Amino acid sequence: MSRFLSEKFASLAPYVPGEQPRDMKYLKLNTNESPFPPSKKVIEVINADNAAYLRLYPDPTGHDLVEALSEVYKLPAENIYVTGGSDEALYYAFLAYCDEKTPVVFPEVSYGFYPVLADLLGIKAKRIPLREGFRLEPEDYYDAGGTVVIANPNAPTGRAIGLDAIREICRRNENNVVVIDEAYVDFGAESAVRLLPECPNLLVVQTFSKSRCLAGARIGFSAAAPDMIEDLVKLKFSINPYDLTRLSIDAGAAAVRDVEYFDECRGKIISARKYTTEALRATGFEVIDSMTNFLFASPVVMSGEEFYLEMKKRGVLVRYFGTEKTKNYVRITIGAREDMERFCAVASQVVKEAGK
Ligand SMILES: *Cc1c(COP(=O)(O)O)cnc(C)c1O
């Protein structure tokens, strides 16, 4: 740290992203990316002709992408805005709807970026413990006394709540915003976008990084009532209006419109998830039923960290979280079927050796 850094950031602990090894020798199951390439329609628009336009600034409203989202989600364009990844959308949401008087309220075990954002912005964070088996109890969020942020399905647990529960959380917090982070919704949960007409305090955040095979393009979008979208766009235009590149806007629009490929990819993930869940359970793992493209699982005979280290030695990367509540678990991204067969074979060997 230099002596020039503002005092307010002296103790800031930044988010620690999963490893992105430069060589591709690992089977990478640690950051919930898609094992599949983007849609062919995406590859078609990222061409030399289009790249020549990079001399021009992109459209700060991302109009073409908003239009594609509007068509596919059957939602007026005024309910949507786009950002450079959904982490950025979360930043604008915290900035817009939390302050000294309004804390942020989120589950104790959830996405590690939430406490970092709260810390960065000097916002109080109220962490609600999950119930037995990492279950999220909707009642625990009634009259929460702040901006509620829930990842649904939750990460890293993989568990989801239903739309009735989300509707009720919105109703019971009518004077505060409820943010539903749907990074994994396409792998088995139901999107709260449908609730927008009845929930004026609901903000839904989604990403192209997982189910749309575009983590490297940095695309996110948010859906909410038009007055809230206005708030958020005001902040975006005050910080980084050109957050999405021209290529990302075009790639995003092409990806959203290729519904067939999207369904094919998520179908393959859901089926590989079922295979992996069963294979791991047969090996003695405790596995939580997942609605996402990852599994939260405990090897039982060893800690999450030990398992992670042993797997890494054998060329497989998974993610572990060293907190008290999660230290016996690892998070395993679901890859293609062949990847998961290899993963299960190596995992089975590792726990067998540890159990001896
Ligand atoms: C991956 C993830 C995000 C962020 O995705 P971006 O790549 O920034 O769009 C947001 N929330 C959760 C819960 C995630 O797992």
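Predicted, not measured: the structure shown is a model, and the values here were computed from it.

Asker: Just give me the short version of the overall build of the chain, but keep the residues and values in it.
Answerer: Per the secondary structure count, the chain includes eleven helices and 13 strands. A globule of 356 residues ought to have a C-alpha radius of gyration of about 21 Å, and the chain, at 20 Å, matches this closely. When its C-alpha atoms are laid out on the principal axes, the chain stretches across 60 × 50 × 50 Å. Out of the 356 residues in the chain, the part that is buried amounts to 52%. About 17,000 Å² of surface is accessible on the chain, with carbon and sulfur atoms providing 52% of the total. Taken together, the 43 basic and 50 acidic charged side chains of the chain have centroids lying 5 Å from each other.

Asker: Before we move on, could you go through the sheet that holds strand β4 (residues 125–128) and cite the residues and values that matter?
Answerer: Hydrogen bonds along the backbone pair up the strands of a sheet, which may run parallel or antiparallel. An order of β2-β8-β7-β6-β5-β3-β4 is seen for the seven strands of this open sheet, with the pairing classed as mixed. Only two strands of the sheet have a single neighbouring strand rather than two, namely β2 (80–83) and β4. Each strand of the sheet is rotated relative to its neighbour by a mean of 20°, with strand direction disregarded. Bridge analysis of strand β6 (residues 178–181) against strand β7 (residues 202–207) gives four bridges, and the strand direction is parallel. For V179, the partnering residue across the bridge sits in β7 and is L203. On the sheet, helix α3 (residues 63–73) packs against β2, β7 and β8 (220–224) and is oriented at approximately 130° with respect to β2. Across the sheet, helix α4 (residues 86–97) touches β2, β3 (104–107), β5 (147–151), β6, β7 and β8, and the angle it forms with β7 is around 160°.

Asker: Outline the sheet that holds strand β9 (residues 286–287), listing residues and values.
Answerer: What the four strands build is an open sheet, ordered β9-β10-β13-β12; its pairing is antiparallel. Among the strands making up the open sheet, the edge pair consists of β9 and β12 (319–320). In this structure, β9 lies alongside strand β10 (residues 294–298), joined through two bridges in antiparallel fashion. By the bridge assignment, E286 is partnered in β10 with S298.

Asker: Outline the site of the ligand, supporting the account with residue identities and numerical values.
Answerer: Around the ligand sit G85, S86, D87, Y111, D181, A183, Y184, T207, S209, K210 and R218, and those are all the residues in its vicinity. Taking S86, its main chain carries an N or O atom lying 2.6 Å from an oxygen atom of the ligand. Within the contact set of the ligand, an oxygen atom lies 2.6 Å away from a side-chain nitrogen or oxygen of S209. Tallied by class, residues from the shell around the ligand come to three nonpolar, four polar and four charged.

Asker: Can you explain the domain arrangement of the chain? Please cite residues and give values.
Answerer: Assigned domains within the chain: domain 1 (7–30 + 260–354) and domain 2 (40–258). Summarising the inter-unit geometry, the C-alpha centres of domain 1 and domain 2 are found 24 Å apart. Contact with domain 1, which involves 27 residues of that partner, is made by 28 residues of domain 2. For the pair domain 1 and domain 2, the summed buried surface comes to about 2,300 Å²; carbon and sulfur atoms form 68% of the total. The largest share of the area that domain 1 buries against domain 2 comes from Y15, F262 and M291, three residues that together contribute 28% of it. There are one salt bridge connecting domain 1 and domain 2.

Asker: Which residues make up the packing of helix α10 (residues 304–313) against helix α11 (residues 337–355), and what values go with them?
Answerer: Packing of α10 against α11 brings their axes to within 10 Å, and their N-to-C directions diverge by 120°. Put simply, α10 runs oblique to α11. Regarding α10 and α11, the two cross each other, and that crossing is right-handed. Here α10 contributes F307, E310 and M311 to the contact with α11, which in turn contributes F343, V346, A347, V350 and V351.

Asker: Summarise the side chain of Q206; cite the residues concerned and give the values.
Answerer: Here Q206 is to be found in strand β7. A distance of 3.0 Å separates a polar atom in the side chain of Q206 from a polar atom in the side chain of E182. Q206 has contacts with Y73, S86, E182, V185, D186, S191, G220 and F221, leaving out every residue within four places of it along the chain.

Rules of the game
- Residues numbered from 1 in each chain as written.
- Predicted model: local features only at pLDDT ≥ 70, side-chain atom pairs only at ≥ 80, totals over all residues.
- Heavy atoms only, no water.
- Helix = DSSP H or I, 4+ residues; strand = E, 2+ residues; numbered from the N terminus.
- Rg over C-alpha atoms; globule rule 2.2 N^0.38 Å.
- Buried < 20%, exposed > 50% of the residue type's maximum accessible area, 1.4 Å probe, protein only.
- Areas by Shrake-Rupley, 256 points an atom, 1.4 Å probe, with all protein chains shown as cover.
- Lys, Arg positive; Asp, Glu negative; His and termini not counted.
- Charge placed at Lys NZ, Arg CZ, Asp CG, Glu CD.
- Pairing = 2+ DSSP bridges.
- Axes fitted to C-alpha atoms, helices over the stretch in contact; angles between N-to-C directions.
- Contact = heavy atoms within 4.5 Å.
- Near = heavy atom within 4 Å.
- Polar contact = N/O pair within 3.5 Å; in protein donor to acceptor, adjacent residues only side chain to side chain.
- Nonpolar A, V, L, I, M, F, W, Y, C, P; charged D, E, K, R; others polar.
- Domains from an automatic or database assignment.
- Buried area = accessible area lost by both parts, 1.4 Å probe.
- Salt bridge = Lys/Arg side-chain N within 4 Å of Asp/Glu carboxyl O.
- Parallel < 35°, antiparallel > 145°, perpendicular 65-115°, else oblique.
- Left-handed = near helix turned anticlockwise from the far one by under 90°.

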